[in-house]
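# Structural description and commentary
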Amino acid sequence: MEPPARPAVARRLLARLLLFGVIALIVRFAYVVSVRGASCIGSADFCFFSSSDSVAVAAAGVTSGAAFVRVSGDVSGSSPALRDLWSSRDWRKAVDFYSAAFQRLETEGFVAKFSKTLCVGSAVGHEVLALKEIGVSDSIGISRSRAPPLVVSGNLFRQPFKNGTFDFVFAGSVLESSQRPVDLASELARTMKPEGFLVIHTASAADVYSLHSLLDLFPSFRLMRSHEVDGPDASKKLREIVLQKQDGSEMENPHLNSNSGSVSKCLVPEHKQRILNEAEPLIQEEPLKPWLTLKKNLKNVKYLPTMADISFKRRYLYIDVGARSYGSSIGSWFKKQYPKQNHTFEVYAIEADRSFHEEYAIKKGVNLLPYAAWVRNETLTFEINHNPDQKADEKGGRGMGRIKPAEGSSDNLGSDDVHSIHGFDFAEWLKSTATERDFVVVKMDIEGTEFDLVPRLFETGAICLIDELFLECHYNRWQRCCPGQRSPKYKNTYGQCMELFSTLRDSGVLVHQWW
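Our subject in this report is the structure included herewith. (Residues numbered from 1 in each chain as written. Predicted model: local features only at pLDDT ≥ 70, side-chain atom pairs only at ≥ 80, totals over all residues. Heavy atoms only, no water.)

### A word on the overall build of the chain
Basically, it comes down to this: Helix and strand assignments follow DSSP, with helices taken as H or I runs no shorter than four residues and strands as E runs no shorter than two, numbered in order from the N terminus. Throughout, exposure labels follow a simple rule: accessible area from a 1.4 Å probe, protein chains only, divided by the maximum for the residue type, with under 20% read as buried, over 50% as exposed, and the rest as partly exposed. When checking whether two residues touch, look at their non-hydrogen atoms; a contact exists if any pair is within 4.5 Å. Accessibility throughout is a Shrake-Rupley quantity obtained with a 1.4 Å probe, and a residue counts as covered only by protein chains that appear here.
Of the regular secondary structure elements, the chain holds 15 helices and 17 strands. Each of the 515 residues in the chain was classed as buried or not, and the buried ones make up 52%. Residue pairs in contact within the chain that sit at least 24 positions apart in sequence constitute 72% of those at least 6 positions apart. Element-wise, carbon and sulfur atoms account for 53% of the exposed surface of the chain, whose accessible area totals about 25000 Å².

### So, empty space enclosed by the protein
Defined as follows: Only protein atoms enter the calculation, which uses a 1 Å grid: trapped sets of points that fit a 1.4 Å probe without letting it out are cavities, open sets showing protein on both sides within 12 Å along at least five of seven lines are pockets, and any residue with an atom within 4 Å of a point is a lining residue. Grid points are joined across faces, edges and corners, and a volume is the space filled by probe spheres set on the points.
Enumeration over the complete set of coordinates arrives at four cavities of 30 Å³ or more. Approximately 70 Å³ is the volume attributed to the second largest cavity. Lining the second largest cavity are Leu294, Leu471, Glu472, Cys473, Tyr475, Arg477, Tyr494, Cys497, Phe501, Gln513 and Trp514. Of all the elements, helix α15 (residues 494-506) adds the most residues to the lining of the second largest cavity, at three residues.

### Regarding the pairing of strand β6 (residues 221-230)
Note the threshold: A pair of strands is treated as paired once DSSP finds two or more bridges between them.
Where β6 lies against strand β7 (residues 237-245), nine bridges are found, and the strand directions are antiparallel. Within β7, the residue paired with Arg222 across the bridge is Gln244. In sequence, β6 turns back onto β7 through a hairpin of six residues.

### Focus: the side chain of Glu351
Under the convention used in this document: By the counting rule applied here, Lys and Arg register as positive and Asp and Glu as negative, while His and the ends of each chain are not counted. When a carboxyl oxygen of Asp or Glu is within 4 Å of a side-chain nitrogen of Lys or Arg, the pair counts as a salt bridge. Identification of polar contacts relies on pairs of N or O atoms within 3.5 Å, with a donor-acceptor requirement for protein atoms, meaning one able to donate a hydrogen and the other able to accept it, and with residues adjacent in sequence counted only if both atoms are side-chain atoms.
Within the element layout of this structure, Glu351 appears in the loop between β9 (346-350) and α12 (357-360). No salt bridge is formed by the buried Glu351, whose closest oppositely charged neighbour, Arg324, lies at an N-O distance of 5.6 Å. A distance of 2.8 Å separates a polar side-chain atom of Glu351 from the backbone nitrogen of Asp353.

### Brief notes about the sheet that holds strand β4 (residues 166-171)
Our working rule: Helix axes are fitted to C-alpha atoms over the stretch in contact, other axes to C-alpha atoms as well, and angles between N-to-C directions run from 0 to 180 degrees.
Pairing is mixed in the open sheet, where seven strands are placed in the order β3-β2-β1-β4-β5-β7-β6. Only two strands of the sheet have a single neighbouring strand rather than two, namely β3 (151-153) and β6. Neighbouring strand axes in the sheet, compared pairwise and without regard to direction, differ in orientation by 20° on average. In the sheet, strand β1 (residues 117-120) pairs with strand β2 (residues 139-143) via four bridges, with the strands oriented parallel.

### Observations regarding the state of the cysteines
To be explicit about the condition: Put simply, a disulfide is two cysteine sulfurs that come within 2.5 Å.
As enumerated under the stated definition, the model contains two disulfides in all. Shown here is the disulfide that connects Cys473 with Cys497, its sulfur atoms set 2.0 Å apart. Since a negative S-S torsion denotes a left-handed disulfide, the Cys473-Cys497 link at about -85° is left-handed. In this pair, Cys473 sits in the loop between β16 (468-471) and α15 while Cys497 sits in helix α15, placing the two residues 24 residues apart along the sequence. Given the relative accessible area of 8%, Cys473 is considered buried. The side chain of Cys481 participates in a disulfide bridge whose partner is Cys482; the two sulfur atoms lie 2.5 Å from each other. An S-S torsion of about -85° defines the bridge between Cys481 and Cys482 as left-handed. On the basis of relative accessibility, which here comes to 34%, the residue Cys481 falls in the partly exposed class.

### Regarding the packing of helix α13 (residues 426-433) against helix α14 (residues 450-460)
Going by this rule: The cut-offs work like this: below 35 degrees is roughly parallel, past 145 is roughly antiparallel, 65 to 115 is roughly perpendicular, and the gaps in between are oblique. Here a crossing is taken to be left-handed if its near helix is turned anticlockwise relative to the far helix by less than a right angle, and right-handed if that turn runs clockwise. Gly counts as polar in this scheme, as do all residues outside two lists: the nonpolar Ala, Val, Leu, Ile, Met, Phe, Trp, Tyr, Cys and Pro, and the charged Asp, Glu, Lys and Arg.
Interaxial distance between α13 and α14 falls to 9 Å at its minimum, and their mutual angle equals 50°. Looking at the two axes, α13 sits oblique to α14. By crossing handedness, the relation of α13 to α14 is classed as right-handed. Facing α13, whose interface residues are Phe426, Ala427, Glu428, Leu430 and Lys431, α14 presents Leu453, Arg456, Leu457 and Thr460. Here the contact of α13 with α14 is composed, by residue class, of five nonpolar, one polar and three charged.

### What about the nonpolar core?
As a reminder of what qualifies: To qualify as a nonpolar core, a set must consist of buried Ala, Val, Leu, Ile, Met, Phe, Trp, Tyr and Cys residues joined through side-chain atoms within 4.5 Å.
One finds Ile319, Phe426, Leu430 and Met444 to be the most contacted residues of the largest nonpolar core, which totals 51 residues. Tallying contributions element by element places α15 first for this core, with six residues.

### With respect to the packing of helix α3 (residues 89-107) against helix α4 (residues 126-133)
Between α3 and α4, whose axes approach to 8 Å, the crossing angle comes to 55°. Here α4 runs oblique to α3, going by the angle between their axes. Remark: the crossing between α3 and α4 carries right-handed chirality. Contact residues: α3 offers Trp91, Arg92, Ala94, Val95, Tyr98, Ser99 and Phe102, while α4 offers His126, Glu127, Leu129, Ala130, Leu131 and Glu133. Here the residues of the contact of α3 with α4 are counted per class, giving eight nonpolar, two polar and three charged.

### Overview of the pattern of salt bridges
Under the defined criterion, the tally for this structure stands at 21 salt bridges. Between Glu133 and Arg92 there is a salt bridge; the shortest N-O distance is 2.7 Å. With a gap of 41 residues between them, Glu133 in helix α4 and Arg92 in helix α3 connect regions that are remote in the sequence. By relative accessible area, which is 42% here, Glu133 ends up partly exposed. Each of the salt bridges in this network shares a partner with another, and the network as a whole consists of Arg314, Arg315, Glu346 and Asp438.

This is the structure in C-alpha cells:
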C-alpha cells in the first residue's frame, strides 16, 4: 500500500504561498520607492533597509568612542507615537525654526556641509533633522531617551564619543536645566575638535551676570557672538551664543582665581559692576536711631537673584558667619525670604557659642562649624556681653559673643561669661570650600571682628569668591536705652563702617548694610 501524498502536497502549497509573499513584498517596495522615494519620513508606509539607532550606540562597543552614526531618515524602527509626532504641524514648525537658525550659522561659517555635528539634549530630533535638511548629513542627536533614527540614548555626562569627535555641537536648553552644568560643559568640551564651534540657545543668559557665569563653564573657549533671537514660540526670546574651542586642552579663564594662589585685589568685571549699579544706595549719614533706620532699610535691599539669573553655577552656598540660633537668620530669613530661583543651597552655620550647638544637631541640611571665624588658626577668648541695649533673641536675651586673641581678653567690657574657643582662618577655609564657579552668599554678624576679617579676605583673594554679602557693621552707635550715649562696646565709628562698605563695593562685592 502506497503512503499518502498529503505531505508532498502541503509542501508545494507552502512554497507557492512563500513565493507569492515575496512577490508582494517586492511590488510593495517598488511602489514605495517610485512614489515616495527612498525616505519614509512622515509616512507610515513600509520601508526596506531601515537604519536602526541600535547601530549608533551599541552599549558594549562604545568604549572606543567609535559610535558616531549617519542616519538615513528612515523611521520604520520608530514608535507609532514618534511617527505621529513627526507628521504633525508643530514638528514641522520646530524643524523650520532650527533650519533657519542653522542656515544663518552656515552662512557665517560656523557649520559646513562636511561638519560632523552633535545635538545634545535633543529630545525628539528637531535639530538633527534640520541639519540634515540643509545638507549637513553627518548629524546625530543624543538624549536620555532615544528617538530613532535621529536621536540615540546615552548618559550626557559620559557620552559614547571619542575626544575631539565633532566639528559642531548644538545645545539648547539642556545647560540651563541641568543640575550639573559644569560637568555637562566639560563633556561637551571633551567631544569637540579644536577650532570647533559650540552653539547654545538659552533663555537664562539675558543679563551680563548670567552670561558671564555661562562663559565660565567653558574656559577653553572663545566667545564669538552673543545676541538675542526669536524662539520657536515667537513670544519667547532666546540668546544665541557661539563659542569656539581653542587649541590646547585647557585655557586659563582670566576671571577665575586659583585656590592655590592669592591675590591682593579683585578685578571688577563688567557683570559685577552692572549689578552694583543697580544695588540699593548705602546710608551715608549716621542714623540717630540705628535700631529703626537700619532695620527699616532691610526692606530696600535688592537681592542679587532679583537682578540677575543665577543659573550655570556649579553649587549654591549660604554661609552664616556668627549664626547664633537657627531661627536668628537661617530659619527666619534665608530659608523663607532669600530668592533662591529654585536652586538648592548648601548651608553652613559658623557659630562659636556652644550654647547653640545642640540645636543644630537636629537641624537637617545645615553644616555646623562650631568655631570662630578668624584671621588665622589659634585659640581665642570668647566673651558673652550683656549690654542693656543688646537685641534679644529666642534664647532669653543671651548676650552676643565677641572673640579676642587669648592674650588680649576682656578690656573692661563687663563680660560675665568668658571661655576659650578655637578660631580658624575663615578666608583660607572659604578658598578651600568654594570656587568662582559657585554662587556664594555670606551673612556676617561677628560683633566688630569684621574689621579684622574683611581685610584678611582681601589679602588672600577670598573676597572674590563672595557673590553677595550681608554685613552688620558694629560701631559706637547711639544707644536705645540711654539717650545721648554711645555704646562703649565698640571703638569704631560709623565713618569707618562706611569706609568698609565702600571698599567692598568698589572692589566688586555686592554688600548690603545688615542689622
